[in-house]
Amino acid sequence: MTGGGTGGHTYPALTAIRALQARLAASGRALEVLWIGTQDGLEARVAPAEGIAFTPVATGKIRRSSNPLKMVSPANVKDMARVPLGVAQARKAIADFQPDVVLATGGYVAVPAGLAARLCRRPLVLHEQTVRLGLANRKLAGSATRIAVSSESTIPLLSEEARRIAVVTGNPVRPEVLSGHADKAIETLGLSGFDRRLPTIYVTGGAQGSQQINEVVRDVLPWLLEHANVVHQCGTANVEALHEHSTRLPPGQATRYYLTGFVGPELPDVLALADVVISRSGAGTLAELTALGKAAVFIPLATSAGNEQAHNARHLHEGGAAVALLGEVTAATLRDAVGPLLMEPACRASIAQQARAHGKPDAADRLVDVILSAASG
């Protein structure tokens, strides 16, 4: 296993490992896993916590820029010089471990191990979470045995050679996300003031929150609460300021607004409760919301690598499976986007249905099929 740096690369890998362990256990077999990553990446904490052997290697992060001169910045040159060392370290790890297959889920850490897999003549399966291949997977595509992609829309974007070895699996979603209960969210979070006759909105900017989303939701909050209940996950650093703002809400609205810095184990239940989600459009978020069939308004992170969040959101927007705000986002544009989803149940149901059609809740099992096929030659 290789890949990581962020949750978008790490958690699909972990979900695939769990699914593969379960598949093998059902036939009386066991799985041995070695995770190759970086010492300071998320995978360095996740793998040991899951009882997975972990080996760190050197690697270099490419700081992308539209200016070619900036691509040869001292930082990029220094980091690229580390890649050969990482390949050598990964090659030794793979030669010693003798895996049946190497799975790479992207992130710059995947490059050394992916190249080492080829040098060790081990089957390499790439998994891509976003609509367009990320930089690491583009670099490794020529060494891959199979390329598992998350969307049918990715296939036409591949080279003719890559298309021949590509298969659509979807992006693995944690099984627990799919098993939430709305009533449990009401009980656990103490949402007794919510009006269940109204739709419920879940607002999230990710674990750290999003200043952009927080501010635009704050500005339109009284209007939202006229038409919906709102669960707002804002990031722990932003709770105080938003709480101060919420104290000025009319009492009838304040009881239908739940503000929290972080949503943890209760996330599946919150998602089950939500009729509409306002969020960023990272690959993991899209996989979860489409698997659940949720109507969503996406506000892409403008600084995401390769502008991938905008591509993800546009893909679903064009398919009628979400609403994407791709230009300037203001209280007015958010109100115009959310309004039909709140006040026209048929519109909300149509988008949710299209989202579900794009979803692949069995993505982990599909990816396991690809891994086992590559491992068996």
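### Notes on helix H5 (residues 83–97)
Phase 1 of the analysis: Helix length check: H5 (15 residues) gives 21 Å between terminal C-alpha atoms against 21 Å at 1.5 Å per residue, within 8%.
Phase 2 of the analysis: Buried within H5 we find Val83, Gly86, Val87, Ala90, Ala93 and Ile94. The buried residues of H5 all sit within an arc of 130° when viewed along its axis, so they share a single face. For H5, the exposed residues set more than 90 degrees away from the buried face come down to Pro84, Lys92 and Asp96.
Phase 3 of the analysis: Positive backbone phi, approximately 55°, marks Gln98, located one or two places after H5.

### Notes on the sheet that holds strand E9 (residues 257–260)
Phase 1 of the analysis: Pairing is parallel across the open sheet formed by six strands, whose spatial order is E9-E8-E7-E10-E11-E12. Since the sheet does not close on itself, it has two edges, and those belong to E9 and strand E12 (323–324), each with one partner.
Phase 2 of the analysis: The sheet contacts of helix H10 (residues 211–227) involve strand E7 (200–204), strand E8 (229–233), E9 and strand E10 (276–279), and relative to E8 the element is tilted by about 165°.

### What to know about the nonpolar core
Within soluble globular proteins, side chains that are nonpolar tend to cluster in buried spots.
Phase 1 of the analysis: Counting residues in hydrophobic clusters, the biggest one holds 31 residues, and the most contacted among them are Ile201, Leu224, Val297 and Leu334.
Phase 2 of the analysis: At the level of secondary structure, the elements contributing two or more residues to this core comprise E7, H10, E9, E10, strand E11 (295–298) and helix H16 (331–343).
Phase 3 of the analysis: Ranked by residues supplied to this core, first place goes to H10 with eight residues.
Phase 4 of the analysis: Counting residues in each nonpolar core, the second largest holds 30 residues, with Ala182, Tyr202, Leu267 and Ala313 among its members.

### Quick look at helix H9 (residues 182–189)
Phase 1 of the analysis: Those residues of H9 not exposed but buried are Ala182, Ala185, Ile186 and Leu189. The arc that holds every buried residue of H9, seen down its axis, measures 100°, which confines them to one face. Looking at H9, the residues exposed on the side facing more than 90 degrees away from the buried face are Asp183 and Glu187.
Phase 2 of the analysis: Looking one or two residues beyond H9, the residue adopting positive phi is Gly190, at roughly 70°.

### With respect to the environment of Thr2
Phase 1 of the analysis: Summarising the element assignment, Thr2 is placed in the segment before helix H1 (7–26).
Phase 2 of the analysis: With 164 residues separating them in the primary sequence, Thr2 and Ala166 have C-alpha atoms 19 Å apart.
Phase 3 of the analysis: A distance of 3.0 Å separates the side chain of Thr2 from the backbone oxygen of Ile36, its partner in a polar contact.

### Here's the deal with unusual backbone geometry
Phase 1 of the analysis: Despite not being glycine, Gln98 shows a phi value in the positive range, around 55°.
Phase 2 of the analysis: By secondary structure assignment, the location of Gln98 is in the loop between H5 and strand E3 (102–104).
Phase 3 of the analysis: Phi is positive for Arg121, which is not a glycine, with a value near 60°.
Phase 4 of the analysis: Locating Arg121 in the fold gives a position in the loop between helix H6 (110–119) and strand E4 (124–128).
Phase 5 of the analysis: By relative accessible area, Arg121 is classed as exposed at 76%.

What counts and how
- Residues numbered from 1 in each chain as written.
- Predicted model: local features only at pLDDT ≥ 70, side-chain atom pairs only at ≥ 80, totals over all residues.
- Heavy atoms only, no water.
- Helix = DSSP H or I, 4+ residues; strand = E, 2+ residues; numbered from the N terminus.
- Expected span 1.5 Å × (residues − 1).
- Buried < 20%, exposed > 50% of the residue type's maximum accessible area, 1.4 Å probe, protein only.
- Arc of directions from axis to C-beta.
- Pairing = 2+ DSSP bridges.
- Contact = heavy atoms within 4.5 Å.
- Axes fitted to C-alpha atoms, helices over the stretch in contact; angles between N-to-C directions.
- Core = buried A, V, L, I, M, F, W, Y, C linked by side-chain atoms within 4.5 Å.
- Polar contact = N/O pair within 3.5 Å; in protein donor to acceptor, adjacent residues only side chain to side chain.

The quantities given are spatial measurements derived from coordinates; they are silent on function.
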